[in-house]
Amino acid sequence: MKLDLFNTFRDTAHENGVIFYYTGVFSQNVIAAIGDSLKQRLDSVNASSAARRKVFSTFIEMAQNILHYAPELTEDDGAGPPAKCGALAVGRNDEEKFFVVCGNPVRMEDISRLHEKLEPLRQMSIAEIKAAYREQLRNEDHASDSVSKGAGLGFLTMARDATEPIEYSIAFASEASGGRADLYLRATI
Amino acid sequence: MEDLHIPASNETPEVRFEFSRHCLSMHGESYPENAMSFYGPIRSSLQNYLEKLPADGRVEVNIGLRYFNSSSTKLIRALIGMLDEKASNGPSISVDWLHDEDDDMMLEFGTDLKEEHRSLKFNTVVAEAA
């Protein structure tokens, strides 16, 4: 990367309020390490304790979501063993609200289930989200769900901590690149 | 039976179940990726302890979690459920649920637990600032 391009990259991130950015392999160790530096970063920008807790919670849910949904891929240069990769950014918008965004590859077979989980949340009020959260908490059926380790509570937890509906989009790469899809999520806190 | 002590890690709380003193506590943050592998053994030893607890037994439980992730949530609730079921058969079990003063979400979670588990002496308590 040329230095002037790196400068543009930094400026663009800064203009968009980004205070924290990570791209690469996601593992539980990586999540714990970047979680620690995110906490320090939130302290350094004087986030309120409520914002710190919610941003951290959303970060953990998104990062662990990458662990659950991302297929193990080999990076473009082919070096290293296949791993779960993604990118995640935290920032603060013009209204002083924090946001957490992430993007990661997902398996084609999980796309319809992601739509089913995410779309209804967008229409729900915070009271409905809390009611759905309580209902899911008491729902014992999740044991049969082999995909979701969040016991169906992951997206509801994100929605509960957010002040706006969770935005998402699924981008399909061309057939030529193996019919891959990427999931993007944005939570505003 | 032997006490259970699990020191805190980056993503798991300190667990100190002093069965000999009937004092059980859990403090810290809980966001293991595989919550079942962390809570499974805790659940088994609690189960063993509760099975032997006489009807006139008294137990004090202190839970202070600053944060837990979605996959820990049901498992933490399940521990409270086990205590409640036992308490409905006689033993006096009190649970202090600690939360930071301004942490409404943790207070709300505790209040919901209290509503649902009527056999416990369940108190939500503001945690002392660390």
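What this report covers is the structure whose coordinates are included nearby. (Residues numbered from 1 in each chain as written. Chains lettered and ligands numbered in written order. Predicted model: local features only at pLDDT ≥ 70, side-chain atom pairs only at ≥ 80, totals over all residues. Heavy atoms only, no water.)

### Details of the overall build of chain A
Okay, so step 1: Looking only at helices and strands, chain A has six helices and five strands in total.
Okay, so step 2: Element order for chain A, N to C, with α for helix and β for strand: α-β-α-α-β-β-α-α-α-β-β.
Okay, so step 3: Of the contacts made within chain A by residues no fewer than 6 positions apart, 67% connect residues no fewer than 24 positions apart.
Okay, so step 4: Of the roughly 9,900 Å² of accessible surface on chain A, a fraction of 51% belongs to carbon and sulfur atoms. (Helix = DSSP H or I, 4+ residues; strand = E, 2+ residues; numbered from the N terminus. Contact = heavy atoms within 4.5 Å. Areas by Shrake-Rupley, 256 points an atom, 1.4 Å probe, with all protein chains shown as cover.)

### With respect to the interface of chain B and chain A
Okay, so step 1: Between chain B and chain A, the residue contacts involve 22 residues of the former and 32 residues of the latter.
Okay, so step 2: When the two sides are added together, the surface that chain B and chain A hide from each other amounts to roughly 2,300 Å², 47% of it contributed by carbon and sulfur.
Okay, so step 3: Interface area lost by chain B to chain A is led by Glu33, Lys74 and Met105 of chain B, which between them contribute 30%.
Okay, so step 4: Counting every contact that joins chain B to chain A gives eight salt bridges.
Okay, so step 5: Scanning the region where chain B abuts chain A turns up 17 residue pairs in polar contact (both at pLDDT 80 or more).
Okay, so step 6: At the level of secondary structure, the elements contributing two or more residues to the side of chain B that touches chain A comprise β4 (58-68), α2 (70-87) and α3 (104-116) of chain B.
Okay, so step 7: Taken together, the residues that form the side of chain B that touches chain A break down as five nonpolar, five polar and twelve charged. (Buried area = accessible area lost by both parts, 1.4 Å probe. Salt bridge = Lys/Arg side-chain N within 4 Å of Asp/Glu carboxyl O. Polar contact = N/O pair within 3.5 Å; in protein donor to acceptor, adjacent residues only side chain to side chain. Nonpolar A, V, L, I, M, F, W, Y, C, P; charged D, E, K, R; others polar.)

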